[in-house]
Amino acid sequence: MSVTYRTCHLCEATCGLEIHHEGRRISLVRGDRDDVFSGGFICPKGASLGKLEDDPDRLQNPLLRHGETWEEIVWDDAWKLLDERLRPIVDRHGPDSVGVFLGNPNAHTLAGMLYGRVLLQALRTRNVFTAGTLDQVPKQVAAGLMFGGGLTIPIPDVDRTHYLLVLGANPYESNGSLLTAPDLPGRLRRLRERGGRVVVVDPRRTKTADNADEHVFIRPGTDAHMLWGIVHTLFDEDLVDLGHADGWVSGVRDVRESARDLSPDAMAPRCGVSADTIRRLARELAGAPSAAVYGRIGTCTQEFGTQASWLVDVCNVLTGNLDRAGGVMFPSPATEPTGSARGRGRGLKLGRRASRVRGEPERLGELPAVCMAEEITTPGEGQIRALVTIAGNPVLSAPDGPQLSRALDELELMVSVDRYLNETTRHADLILPPEHTLARDHYDLVFTQLAVRNVANWSAAAVGLESDEVPEWETLARLASCVAGAGAAAGPDAFDELAVQVLVQGAVARAGSNVFGRDPDELLAELSHRRGPARAVDFMIRTGLHGDGFGADPEGLTLSHLETEPHGIDLGALEPRLPDLLRTESGCVELAPSELLADVDRLRATLSDQVEDGMLRLVGRRDLRSNNSWMHNVEVLVKGRPRCTLQVHPSDAERLGLADGATARVSNETGSVEIPVEVTDAVMPGVVSVPHGWGHGDPRTRQSVAVRHAGVNSNLLAGTDRTEPLSGTAILTGIPVIVSSV
Ligand SMILES: Nc1nc2c(c(=O)[nH]1)N[C@H]1C(S)=C(S)[C@@H](COP(=O)(O)OP(=O)(O)OC[C@H]3O[C@@H](n4cnc5c(=O)[nH]c(N)nc54)[C@H](O)[C@@H]3O)O[C@H]1N2
Ligand SMILES: Nc1nc2c(c(=O)[nH]1)N[C@H]1C(S)=C(S)[C@@H](COP(=O)(O)OP(=O)(O)OC[C@H]3O[C@@H](n4cnc5c(=O)[nH]c(N)nc54)[C@H](O)[C@@H]3O)O[C@H]1N2
Ligand code: SF4
Ligand SMILES: [Mo]
């Protein structure tokens, strides 16, 4: 029996796990009490890691589809098949003929973060889609325009703040997002215990709201309205004080001008929050010794997602809370390259390309996920003929799965890198499974950039690969090799070499880097005992903000050092990083980017709309024991009362004749679902809630537990034609629906 300490990769909280196992058989998982970040916290998902890995439905060998049947094949045949069928499509039709969909778990694997990029660089297709446009792209666009980079997102300093205003997030269930902090429930409790205040704005009284000082109901999709009311009040009552940011913020006057007619009194009827409450929230934010406004998925995947995400940080800036302890801050992750924070940059460029069919602009190198089906089915130059999905289930996670399903059936070739035969991968010709979790190295490249403390925690593979097991990074490197014309069968090494070469060349050429001007070969020689993700991470750590610079700072971090610290290394609380970290062209925080200012008229136009249109508004929700669409095949996580229900307020239930436990039909012009009713005053009147990620049960999938807990797919009610204009993100919340009893 061995005990392995490892960071949980299942959600953004990055808890340390203590895993008891005999080889691959995991007998016990508990929180690692010595983990420098999580201190023993764990949730039911992390505790079920063993069950997740032992799931008999988890794929362990490549699967090849013949019509409706599947054949297990050996890896060498899989590589041959890729070379015979994928590369010729690129030859014949060009790189755009291959589309790629990257799902959420890519952010949680080194393979996805390091070799997904290698694949995209080898392929150079414009048809890149990710779960981002079902999620956080509005925040990235807003923060990018304000601060200059796609991941320069300020993080609420929950451990030191005196006041936290939470909009559209439920960390008691989700454990936090764009806010990496294990045990957020504990951190919020301690915030209140030290005299601070937590206010939650949400159309549902969530568990987070129940545990807050105050909960404010808001009509779905109107956070920007409420936030304008706050911004108006800050100016109107002379509460604006930029604090430390004074001197490098531009656009304050433009924001003041825009806010002039958007008073709390004008906004209240639209958002359902009283003008007095809006004014009070503004005063509380400005008056607190430190405060942070935090908006998450409810403020992103909605009609005004980018505007709301922008205004969240406008409030943070205007109240002097940007870049100060207890406000919102930028982490200093160990893998951030030295010399990259130079106070200005190129800024975020949007729309460098556009989608072929509807002309949706590119953002952050990708096209909106809602464009994928039409790019497959519309003939012409640049049509997608082959699709590679990596760790994604867009048939459930994106709007209008049936339309996407039909499109996937038209592909000449579909290849999925995934651990399940599910609603999406059942359309693939070839499924390539990742390795066992304990057989892979892990390090959180993304979430350390979004964390409330600077920490570094390396999780080494605890078991070796089996003879017929291929690590995911190799699969992605071989896919890159295939599309580049070198052949998947040629192996992963050439593209592994390329991945690290790109890092090394960049670092030695970057003025201010701790290896500036050094000889690349000499640096690479020091890494020669490693390959794959470990080599890249070692290089990133050593040339990162806390790194040893290959000898430049002998006290600095290396991967070898991290390997001796199984519980991680704490690199301290967040520290002010502005204005150096800014990457805008001006070198200022752009409080009023023109794209965002121009969007305000769209919000003004809603003020004359009738508020009551007779429709209910559909919102989603998350459950602690669930994770998007892919953890419903673990019995311990799905047993008990059904999780996929329609929550309805008692007054609506009565009006519509819906009894608790009865079946309701929820429909709109896009689709319709039938679902059990749960009457609860936790949702506000006029709002109904259905969680996403359900709707299993297709007999062509292979998830024997999920099939018995199928639920319904809430995205049947989301249309591919409804996107937020600035980010192209699907509108997944605040969807108008009609509910009737069946
Ligand atoms: N257990 C669990 N944890 C997860 C996940 C999971 O599926 N399950 N998914 C992970 C992922 S991929 C992500 S992105 C994060 C998301 O993390 P969170 O953003 O915390 O996600 P939710 O728990 O869905 O909370 C969103 C809240 O927004 C509210 N809401 C809906 N519409 C609006 C609106 O218009 N305005 C406002 N103010 N609120 C609104 C909803 O009622 C809901 O309470 O969670 C991650 N963690
Ligand atoms: N209505 C509505 N829709 C939503 C949301 C919502 O709040 N409401 N939330 C959106 C959000 S925030 C997100 S992030 C998306 C998620 O959208 P997706 O990423 O498309 O969906 P997931 O359910 O996370 O699917 C993950 C897939 O990765 C596979 N997988 C898991 N681990 C690994 C691994 O290590 N390697 C590989 N190769 N595969 C793996 C799983 O089997 C599964 O097929 O859904 C979005 N959709
Ligand atoms: S909260 Fe997230 S990171 Fe922590 S144990 Fe649960 S799933 Fe894993
Ligand atoms: Mo997400």
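Above this text you will find the structure in question.
These numbers were taken from a predicted model, which means no experiment stands behind them. (Residues numbered from 1 in each chain as written. Chains lettered and ligands numbered in written order. Predicted model: local features only at pLDDT ≥ 70, side-chain atom pairs only at ≥ 80, totals over all residues. Heavy atoms only, no water.)

Student: Please clarify how the layout of surface pockets should be interpreted in this entry.
Tutor: Unoccupied space between atoms shows up once a probe the size of one water molecule is rolled over them. The space that makes up the second largest pocket amounts to roughly 560 Å³. Lining the second largest pocket we find 30 residues, and of these Arg219, Arg270, Val611, Asp613 and Arg617 sit closest to its centre. Contributions of two or more residues to the lining of the second largest pocket are made by β21 (616–619) and α27 (650–656). (1 Å grid on protein atoms, 1.4 Å probe; cavity = no way out; pocket = protein on both sides within 12 Å on 5 of 7 lines; lining within 4 Å. Points joined across faces, edges and corners; volume = space filled by probe spheres on them. Helix = DSSP H or I, 4+ residues; strand = E, 2+ residues; numbered from the N terminus.)

Student: For this particular structure, what's the right way to read the site of ligand 1?
Tutor: If you check the shell around ligand 1, you find 31 residues, and the closest are Ser174, Asp202, Gly221, Asp223 and Ser626. Gly298 places a main-chain nitrogen or oxygen 3.4 Å from an oxygen atom of ligand 1. Thr733 places a side-chain nitrogen or oxygen 2.7 Å from a nitrogen atom of ligand 1. Alone, ligand 1 offers 920 Å² of accessible surface; in the complex the protein occludes 97% of this. (Near = heavy atom within 4 Å. Polar contact = N/O pair within 3.5 Å; in protein donor to acceptor, adjacent residues only side chain to side chain. Areas by Shrake-Rupley, 256 points an atom, 1.4 Å probe, with all protein chains shown as cover.)

Student: Where do I start with the site of ligand 3 in this structure?
Tutor: Neighbouring ligand 3 are the residues Cys8, Leu10, Cys11, Ala13, Thr14, Cys15, Ile42, Cys43, Lys45, Gly46 and Asn175. Grouping the constituent residues of the shell around ligand 3 by class yields seven nonpolar, three polar and one charged. (Nonpolar A, V, L, I, M, F, W, Y, C, P; charged D, E, K, R; others polar.)

Student: Help me out: how do you make sense of unusual backbone geometry in this one?
Tutor: In this model, Leu578 is joined to Pro579 through a cis peptide bond whose omega is 5°. In this fold, Pro579 is placed in the loop between β19 (569–573) and β20 (589–590). One non-glycine residue with positive phi stands out, namely Leu178, at about 50°. At Asp400, a residue that is not glycine, the phi angle is positive and equals roughly 50°. Relative to the helices and strands, Asp400 resides in the loop between α17 (394–397) and α18 (401–409). A residue is classified by how much of its surface remains accessible, and Asp400, at 18% relative accessible area, is buried. (Buried < 20%, exposed > 50% of the residue type's maximum accessible area, 1.4 Å probe, protein only.)

Student: Would you mind going over the pairing of strand β13 (residues 292–295) with me for this structure?
Tutor: Regular strands show a simple pattern: their side chains alternate between the two faces of the sheet. The alternating pattern of β13 places Ala292 and Tyr294 on one face and Val293 and Gly295 on the opposite face, and all of these are buried. Here four bridges tie strand β9 (residues 163–167) to β13, and the two strands are oriented parallel to one another. Looking across to β13, one finds that Leu164 is bridged to Ala292. (Pairing = 2+ DSSP bridges.)

Student: Looking at this structure, I do not really get the nonpolar core. What am I missing?
Tutor: Within soluble globular proteins, side chains that are nonpolar generally end up buried alongside one another. Formed by 88 residues in total, the largest nonpolar core has its most connected members in Met226, Trp228, Ile230, Val231 and Trp310. Setting aside residues up to four positions removed in sequence, Ile230 forms contacts with Leu165, Ile278, Leu281, Ala282, Leu285 and Cys315. Formed by 54 residues, the second largest nonpolar core is a distinct cluster that contains Ala78, Ala480, Ala499 and Leu559. (Core = buried A, V, L, I, M, F, W, Y, C linked by side-chain atoms within 4.5 Å. Contact = heavy atoms within 4.5 Å.)

Student: When you look at the packing of helix α3 (residues 75–85) against helix α19 (residues 472–483) in this model, what are you seeing that I'm missing?
Tutor: In a packed pair of helices, the relevant descriptors are the angle between the two axes and the axis-to-axis distance. The geometry of α3 relative to α19 is characterised by a closest axis approach of 10 Å and an angle of 30° between their N-to-C directions. On the basis of the axis angle, α3 is roughly parallel to α19. Read as a crossing pair, α3 and α19 show a hand that is right-handed. Touching Trp75, Trp79, Leu82 and Asp83 of α3 are Thr475, Arg478, Leu479 and Cys482, all from α19. Considering only residue class, the contact of α3 with α19 consists of five nonpolar, one polar and two charged. (Axes fitted to C-alpha atoms, helices over the stretch in contact; angles between N-to-C directions. Parallel < 35°, antiparallel > 145°, perpendicular 65-115°, else oblique. Left-handed = near helix turned anticlockwise from the far one by under 90°.)

Student: Looking at this model, I keep getting lost on the side chain of Thr733. Mind explaining?
Tutor: Relative to the helices and strands, Thr733 is located in the loop between β25 (687–689) and β26 (735–741). In this view, Thr733 contacts Gly298, Thr301, Gln302, Leu618, Val619 and Gly620; residues no more than four positions away in its chain are not counted.

Student: For this particular structure, what's the right way to read the environment of Ile42?
Tutor: The residue Ile42 is located in the loop between β3 (25–31) and α1 (44–47) in this model. Overall, the relative accessible area of 26% leaves Ile42 in the partly exposed class. Along the primary structure Ile42 and Gln383 are separated by 341 residues, whereas in three dimensions their C-alpha atoms are 45 Å apart. Those residues in contact with Ile42 that sit more than four places away from it in its chain are Leu17, Val29, Arg30, Gly31 and Ala47.

Student: What should I look at first to understand helix α12 (residues 264–271) in this one?
Tutor: Each α-helix winds once per 3.6 residues, and so residues spaced three or four apart point in a common direction. If you check which residues of α12 are buried, you get Pro264, Met267, Ala268, Arg270 and Cys271. In this fold, the buried residues of α12 make contact with α10 (223–236), α13 (275–287) and α25 (600–606). Phi turns positive, to about 80°, at Gly272, one or two residues after α12.

Student: Looking at this structure, how should I read the sheet that holds strand β11 (residues 214–216)?
Tutor: Picture the strands of a sheet paired through backbone hydrogen bonds; they go either parallel or antiparallel. Spatially, β11-β10-β9-β13 is the arrangement adopted by the four strands of the open sheet, whose pairing is parallel. Single-partner strands in this sheet number two, and they are β11 and β13. Strand-to-strand, the axes of this sheet are offset by a mean angle of 15°, without reference to chain direction. On top of the sheet, helix α8 (residues 184–193) reaches β9 and β10 (197–201); it is set at about 125° to β10, its chief contact. On top of the sheet, α10 reaches β9 and β10; it is set at about 150° to β9, its chief contact.

Student: Quick question: what am I supposed to make of the environment of Thr161 here?
Tutor: Mapped onto the elements, Thr161 comes out in the loop between β8 (155–156) and β9. As a C-alpha pair, Thr161 and Arg117 span 44 residues in sequence and 36 Å in three-dimensional space. Thr161 has contacts with Leu191, Arg194, Ser290, Ala291, Ala292 and Gly326, leaving out every residue within four places of it along the chain. Of note is the side chain of Thr161, whose polar atom sits 2.6 Å from the backbone oxygen of Gly326.

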